[in-house]
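Results of the structural survey
Listed here are the chains, written in short residue letters.
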Amino acid sequence: MSAPPESVPRGDEELISIARIARPQGVRGEVIADLLTDFPERFAAIEIAHLRWPDGRVRKLALERARIHKGRVLLKFAGCDDRDEAEAFRDASVLVTREELVELPADTWYDFELVDCEVRTTAGVLLGKVVEIHRYGAAPLLDVRGEGREALIPLAHSICVEIDPANKRIVVDPPDGLLDL
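Now for a look at the structure at hand. (Residues numbered from 1 in each chain as written. Predicted model: local features only at pLDDT ≥ 70, side-chain atom pairs only at ≥ 80, totals over all residues. Heavy atoms only, no water.)

Glancing now at unusual backbone geometry. Residues other than glycine seldom take positive phi values, yet Asp91 does so here, at roughly 75°. Looking at where Asp91 falls in the secondary structure, it is placed in the loop between helix H1 (83-87) and strand E7 (93-97). (Helix = DSSP H or I, 4+ residues; strand = E, 2+ residues; numbered from the N terminus.)

Laid out in structure tokens, this is it:
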């Protein structure tokens with residue numbers, strides 16, 4: 001499994017968040033951003049970045065440089081040369097296209113690919129849809145919600161016997177009592 005947690009449709013192009021800009025850093029136009037990717041090394045290869053602000057505006061900007069700093073990423077965009085200009089980037093998301101995603105090994109998925117998947121048991125009982133992935137244990141948990149019911153289902157091969165994100169479908173074989181929790 002891997003994050004980014006959100007994808008954003010934009011025309012015929014789907015954009016996926018890989019970082020969220022927190023604030024300016026220093027006085028030379030750099031910003032510091034929280035990582036939303038398991039692949040921070042990807043920033044070294046980005047020449048043009050898509051940025052989306054909370055109000056929905058999206059812009060493409062040249063990325064002059066990027067470096068990892070204390071678990072975050074420092075970014076310098078072309079034309080942004082002082083702290084005041086960098087302030088305009090606060091709260092913007094750094095996005096990549098689906099084609100720019102790091103290719104994952106077989107039988108692994110990005111979290112956003114699993115969100116909105118319909119979840120059924122092997123007996124065909126509809127449990128609901130995945131609304132979120134929680135990562136605070138040995139295995140990630142699918143937060144599945146449907147008609148007055150919520151279930152946290154471990155994302156383990158022994159339970160999730162069929163995962164088909166392309167068709168937005170997951171089939172589970174839950175052990176006794178799992179759905180009663």
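Moving on, we come to the environment of Pro54. Within the secondary structure, Pro54 sits in the loop between strand E4 (48-52) and strand E5 (58-69). The spatial distance from the C-alpha of Pro54 to the C-alpha of Gly71 is 23 Å, given a sequence separation of 17 residues.

Here the focus is the nonpolar core. Counting 27 residues, the largest nonpolar core has Ile21, Phe43, Leu51, Leu75, Phe77, Phe89 and Val94 as its most contacted members. For this core, the secondary-structure elements that each account for two or more residues are strand E2 (13-25), strand E3 (30-35), E4, E5, strand E6 (72-77) and E7. For this core, the element with the most residues is E2, which contributes four residues. With residues near it in sequence (within four places) discarded, Phe43 still touches Ile18, Ala19, Leu35, Thr37, Leu63, Ala66, Val73, Leu75 and Val94. In this structure, Trp109, Ile133, Ile159 and Cys160 belong to the second largest nonpolar core, which totals 18 residues. (Core = buried A, V, L, I, M, F, W, Y, C linked by side-chain atoms within 4.5 Å. Buried < 20%, exposed > 50% of the residue type's maximum accessible area, 1.4 Å probe, protein only. Contact = heavy atoms within 4.5 Å.)

On to the side chain of Thr37. Tracing the chain through its elements places Thr37 in the loop between E3 and E4. A relative accessible area of 9% places Thr37 in the buried class. Here the side chain of Thr37 touches Arg42 through a polar contact of 3.1 Å, side chain to side chain. (Polar contact = N/O pair within 3.5 Å; in protein donor to acceptor, adjacent residues only side chain to side chain.)

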